[in-house]
Amino acid sequence: MSVIESIPDSPPPELRFRRRISVLESVRDLWQAREFIFALFERSLRARYKQAFLGFAWAIIPPLIFMVVLSVFVQHAVTIPTGGVPYPLFSYVALVPWNFFSSAVAAGGTSIVTSLDVMNKMYVPREVFPISTIMSNGVDALISVVGLGILFVVYAFVPKPTTVWVPLLFVIQIIFTLGIVFILSALVVYLRDLRYAMSLIIQVGLFATPILYGMDQVPPHLRLIYCLVNPLAPVIDGYRRVVIFGLNPEWSLLLPAAAMSVTYLVLGFRIFKRLETGFSDIA
Amino acid sequence: MRSGRIVADRVWKRFRADRRRTLLRDELERLRTQWNGEHRGWTWALRDVSFTAEPGDSIGIVGRNGSGKTTLLRLLAGVMYPYAGRVQLAGKLGTLINMSAGLHPDLTGQENIYIQGSLIGLKRKEIARRFDEIVGFAELEDAIRRQVKFYSTGMQLRLGFATAAFLDPDILLVDEVLAAGDAAFQQKCLERTRDKVMAGTTFIFVSHDLQSVEGMCREGMWLRDGVIAAAGPVRDAVAKYRDWVESYEAHYREKLRRVGEARIVKLDVTGPNGNGCRTEEPVEIRAIVESPEGREGTLFVGVSEGPSRPIFVLHHELSLHNGHIEARCRIPHLPLPRGRFYVWVGIFGKNGQDLLPWQPATEFDVSGPDLHPTPQGIVRLSPIQMTTAWDVGSR
C-alpha cells in the first residue's frame, strides 16, 4: 500500500522523456529495414498485378482515360496552345508524372493508418510504410510510360535528346512527394478526417499544376511564386519541355522549386519523426 | 556470452482518458475546452516503474487487466515511447506481443521470418541457417509459403513463437500468448524458453496464468494500476498478488452467491479437534443444507485457490427433505500446502439441473510446509502437497 501512495501524481519535470531524433540514426534504421521495405513493395505489386483482372493495364488506364477525356472535351471547348504538338501527347507526358504523384499521395497518406496494427507488434522504422507505398506507385508510373511509347509511335514522334534531364526531374519529384507523404501520413493518424481532405487537395492540384495547359499560360511575373507554392509545377512542365519540345529545364524556376522540395522533405521528415512518437498510443 | 540487458529507469506512461475518435473536429473541440482552462484528462498507465534485467534473468509480470503489463512490454519492445523516464535495451530483441505472430499478415510465413531476422540485424545466411529449425518447430512445413493472414490462430502462434525464440535473441519478450496453444506446443515452448534462459537469454513474460509465471520465471513483478506493487523472487511476488486478488475479490464473491431451491445454512472446514487445518492432517468439511421439499441430488464440494476452477472436487449423493440436513466429509490427509483456499459448493439434480448453483461458500487457511518447488520451466497444474519419505544413498 505504502509503496503506491508514496508515488507522486505526475513525474518530476526533469524526468520527462525527450526523444533525440538523429537523421543519421534514422537512415541507418531504414537501411536495416530495407528487406522489409522490399517485401512490402513486392507484396503490394504482386497483389495488384496478379489478382487484379486487368493486371498491368491498371497502371496505364487512369492516365490514358484522362488523356482521352481531356483531348476530346477540354481541347474542343477551349483551345490550349500546345506549340504544334498533338494534344494527347502534350497532356499524357504530364499526366504520367502527375498520376504518380497523386496516387502516391493518396496511398502514402493513409499508409501509416492502415499499418498501425503491424507497427504495434514489433519495432520497425515507421518510414517504411510510406516509402514502400511510394515505391510501388513508382512502378505503376514506369509502366504507364509504355502508354507514352505507344503515343510516340502513333504520332511518329521521336523524343528529343534533352530527355536526358528526366532523371533529375524525377529525383526532384520524388523528394517533393516524400515530403508531402511524410507530412500527410503522420497527420492522418491524428486527424483521420484529413483523409477526405486529401482527395480534394489532389483534385485542386490537378488544375493548379501545368498538366492540361503549359507553363506559358501562367503570367511571367507570377511564375516564380507559382513554382514556389507548387514545386511540382516546373517539374511537370519540365518533363514536357525536355521530352517534347527539346528545351532544357527552366532553371530559374526549377532550382527554386528543387530547393523548396528539399525544404518540404526536411520539414516533412521532422514532422513525421515528431508525431511518430505517439503513433502507438493512438492505435 | 549473451548481452541482453534491460534498464527501465523511473518510467512513466500516460494515455488520453477520453479514448477518443481522432478527427479534426474533435481536436478543435478539445482546443476550445483547453482554451477555457479546462484540464484535458490523462490516465497513467505506468508510474515510476524501474527495474533491471541482466543476461539469464527471467522476470514474470503479473497484474490484473489494465494494470499496465502490456504497455510496459510495448515500451520495452520499442513500439511505444515513455512519457518520462528512460528505457534502455542492449542486445537483439525477440518479441511476441498480442499473439500476433508474424509481422505482417499480407506476407508469407517465410517472408516474415526473414524480415524479422533482418530487422534484428541478422544476415540472410544466418537466418537461412535457422530457417528449417524454425519451420520444424512451428510445424508449418506445408504452410510456410502461404500468407500469414490465411493461418489459423494456432499456426500464427506457432510461427510467432518459433520466430521470436529461434532467431537467437538476447532478450525475449512474450505476452500472454502461450495460453492459446495446445498443451503439447505449450510444453515445447516452455522447454525452448528454459533452454534459452539457461543459455543466458533475458526473458520477460507477461501472463495471467500464475502457475506458468511461477514455473517459467525466477523473478516476479506485480503491477497494480501501473505501479510496481511487489517485485522479487517469483513465488513471493505472485503470492502477494494472489493475496491481494483474493481480498479484492472477496466482495465480488459475495455477489456470486446465487440462490437456488436449496440453501447452504452453514459450511465450515475444521482441522483435528476443531482447530485450524494442517497439511497432511485430517480435515472435516461440514455442510448444513436447507431445502423446501424433498429432492434427490448430488452435493459437490470443490476446493480452489480462489477462482471457480477447483483443485479437487468431492461429491456425495444427497436426499433432501423439507428442513435441514447435515453432510460431513472427512479427509484423512489434507493434500494442500500452506496457503489460503476456498470452498465452492453446488447441488445438482439427477438431470443436471441446479438445486444450488456452483458458488463460493467459505475460505480456510492451511498451515504447514511450503509447496515443493518445481524445476524452472515446468508448470504445475495444481498445488497438491504430498508428504514424502526419501531414502537416498549409494549402493
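Residues numbered from 1 in each chain as written. Chains lettered and ligands numbered in written order. Predicted model: local features only at pLDDT ≥ 70, side-chain atom pairs only at ≥ 80, totals over all residues.

J.: Please clarify how the overall build of chain B should be interpreted in this entry.
T.: Of regular secondary structure, chain B possesses eight helices and 17 strands. Here the C-alpha coordinates of chain B stretch approximately 80 × 75 × 40 Å along the principal axes. Looking at chain B as a whole, 40% of its 395 residues are labelled buried. Partitioning the contacts of chain B with sequence separation of at least 6, the portion at a separation of at least 24 is 72%. (Helix = DSSP H or I, 4+ residues; strand = E, 2+ residues; numbered from the N terminus. Buried ≥ 20, exposed ≤ 12 C-beta atoms within 10 Å, placed from the backbone. Contact = placed C-beta atoms within 7 Å.)

J.: Quick question: what am I supposed to make of the overall build of chain A here?
T.: Of the regular secondary structure elements, chain A holds 13 helices and zero strands. Counting only C-alpha atoms, chain A reaches 85 × 50 × 35 Å along its principal axes. Relative to its full complement of 283 residues, chain A shows a buried share of 39%. When contacts within chain A are restricted to residue pairs at least 6 apart in sequence, those whose partners lie at least 24 apart make up 83%.

J.: Explain the sheet that holds strand E10 (residues 263-270) of chain B here, please?
T.: Pairing between the strands of a sheet comes from backbone hydrogen bonds, and it takes one of two forms, parallel or antiparallel. Residue and element names in this part refer to chain B. Taking strand neighbours across the sheet as the criterion, the three strands line up as E10-E12-E15 in an open arrangement whose pairing is antiparallel. Strands at the two margins of the open sheet, each flanked by one partner only, are E10 and strand E15 (323-331). Ignoring which end each strand starts from, the neighbouring axes of this sheet average 15° apart. As paired elements, strand E12 (residues 283-291) and E15 share nine bridges and run antiparallel to each other. Its bridge partner being in E15, Glu290 is matched across the sheet by His324. (Pairing = 2+ DSSP bridges. Axes fitted to C-alpha atoms, helices over the stretch in contact; angles between N-to-C directions.)

J.: Sorry, what's going on with the nonpolar core here?
T.: One recurring pattern in soluble globular proteins: nonpolar side chains tend to sit buried together. Core analysis: the largest hydrophobic core is formed by 142 residues, its most contacted members being A:Phe36, A:Val93, B:Ile61, B:Leu76, B:Leu173, B:Ile204 and B:Phe205. Counting residues per element, this core draws most heavily on helix H8 (residues 166-190) of chain A, which supplies 14 residues. (Core = buried A, V, L, I, M, F, W, Y, C linked by C-beta atoms within 7 Å.)

J.: How do you make sense of the interface of chain A and chain B when you look at a structure like this?
T.: Contact with chain A, which involves 30 residues of that partner, is made by 37 residues of chain B. Sorting the residues of the side of chain A that touches chain B by element identifies helix H1 (2-5), helix H3 (34-51), helix H6 (116-119) and helix H13 (279-282) of chain A as the ones contributing at least two each. Ranked by the residues each element gives to the side of chain A that touches chain B, the list is headed by H3(A), at four residues. Among the residues forming the side of chain A that touches chain B, the class breakdown is 18 nonpolar, four polar and eight charged. (Nonpolar A, V, L, I, M, F, W, Y, C, P; charged D, E, K, R; others polar.)

J.: Help me out: how do you make sense of the domain arrangement of chain B in this one?
T.: Accessible area lost during the coming together of the parts is what is often quoted as the interface size. Under the domain assignment used here, chain B contains domain 1 (5-248) and domain 2 (259-367). On a C-alpha basis, the centroid separation for the pair domain 1 of chain B and domain 2 of chain B is 40 Å. (Domains from an automatic or database assignment.)

J.: Which parts of the structure should I look at to understand the sheet that holds strand E11 (residues 277-278) of chain B?
T.: Residues and elements named next belong to chain B. Taken together, the five strands give an open sheet; going across it, the order is E11-E17-E16-E13-E14, and neighbouring strands pair in mixed fashion. A strand with exactly one partner marks an edge of an open sheet, and here the two such strands are E11 and strand E14 (312-320). Of the strand pairs in this sheet, strand E13 (residues 295-304) and E14 are connected by nine bridges, and their pairing is antiparallel. Looking at the pairing, Glu296 lines up with Ser319 of E14.

J.: When you look at helix H4 (residues 124-138) of chain B in this model, what are you seeing that I'm missing?
T.: Two residues of an α-helix separated by three or four positions point the same way, owing to the 3.6 residues in each turn. Residue and element names in this part refer to chain B. Under the 1.5 Å per step criterion, the end-to-end length of H4 is 20 Å for 15 residues, consistent within 8% with the ideal 21 Å. All of the buried residues along H4 are Ile127, Ile134, Val135, Phe137 and Ala138. Elements that come into contact with the buried residues of H4 comprise helix H3 (109-119) and helix H5 (153-166). (Expected span 1.5 Å × (residues − 1).)

J.: Sorry, what's going on with the packing of helix H5 (residues 87-109) of chain A against helix H11 (residues 232-245) of chain A here?
T.: When two helices pack together, you describe them by how their axes are tilted relative to each other and by the distance separating the axes. All names here are of chain A. Remark: H5 packs on H11, axes separated minimally by 9 Å, with the N-to-C direction vectors making an angle of 140°. In terms of their interaxial angle, H5 and H11 are classed as oblique. For the pair H5 and H11, the sense of crossing is right-handed. Residues Leu89, Phe90, Val93, Ala94, Pro97, Trp98 and Phe101 of H5 form the contact with H11, whose participating residues are Leu232, Ile236, Tyr239, Arg240, Val243 and Ile244. Taken together, the residues of the contact of H5 with H11 break down into 12 nonpolar, no polar and one charged. (Parallel < 35°, antiparallel > 145°, perpendicular 65-115°, else oblique. Left-handed = near helix turned anticlockwise from the far one by under 90°.)

J.: Sorry if this is basic, but what is going on with the environment of A:Asp216 here?
T.: Residues and elements named next belong to chain A. Turning to its location among the elements, Asp216 is positioned in the loop between helix H9 (194-208) and helix H10 (223-229). Here Asp216 falls in the exposed class, since 12 other C-beta atoms lie within 10 Å of it. Put simply, Asp216 and Thr82 are 134 residues apart on the chain and 9.6 Å apart in space, counted from C-alpha to C-alpha.

J.: Could you clarify how one ought to interpret the confidence of the model for chain B in this entry?
T.: When pLDDT is averaged along chain B, the result is 84, and 91% of the positions lie at 70 or above. Scored as a complex, the prediction yields pTM 0.79 and ipTM 0.79. (pLDDT = per-residue confidence, 0-100.)

J.: I tried to follow the environment of B:Arg338 on my own but got confused; where do I start?
T.: Residues and elements named next belong to chain B. On the secondary structure map, Arg338 appears in the loop between E15 and strand E16 (339-349). Residue classification places Arg338 among the partly exposed positions, given that 15 C-beta atoms sit within 10 Å. Distance in space between the C-alpha atoms of Arg338 and Gly78 is 41 Å, their sequence separation being 260 residues. Filtering out sequence-adjacent residues up to four positions away, Arg338 remains in contact with Thr279, Val366, Ser367, Gly368, Pro369 and Asp370.

J.: Honestly, H5(A) in this entry has me stumped. Any pointers?
T.: Residues and elements named next belong to chain A. Given a rise of 1.5 Å per residue, 23 residues ought to cover 33 Å, and the 32 Å separating the end C-alpha atoms of H5 matches this to within 8%. At Leu95, H5 is deflected by roughly 30°, the largest bend along its length, and proline Pro97 occurs up to four residues later in sequence. Burial analysis of H5 places 20 of its 23 residues in the buried class, which makes it a mostly covered element. (Bend = angle between axes of the 7 residues up to and from the residue.)

J.: What is the right way to look at the environment of A:Phe41 in this model?
T.: Residues and elements named next belong to chain A. You can see Phe41 is positioned in helix H3. A residue is classified by how many C-beta atoms lie within 10 Å of it, and Phe41, with 19 of them, is partly exposed. Those residues within four positions of Phe41 in sequence are excluded, and the remaining contacts are Ser132, Met135 and Ser136.

J.: Would you explain unusual backbone geometry in this entry?
T.: Peptide bonds are, in most cases, trans, and in most cases residues other than glycine have a negative phi. Of note in this structure, A:Ala156 is not a glycine but carries a positive phi near 50°. When you line up the elements, A:Ala156 lands in the loop between helix H7 (128-154) and H8. Classification of A:Ala156 by C-beta neighbours within 10 Å gives exposed; the count is 6. Look at B:Asp168: it is not a glycine, yet its phi comes out positive at around 60°. Inspection of the secondary structure puts B:Asp168 in the loop between H5 and strand E6 (171-175).

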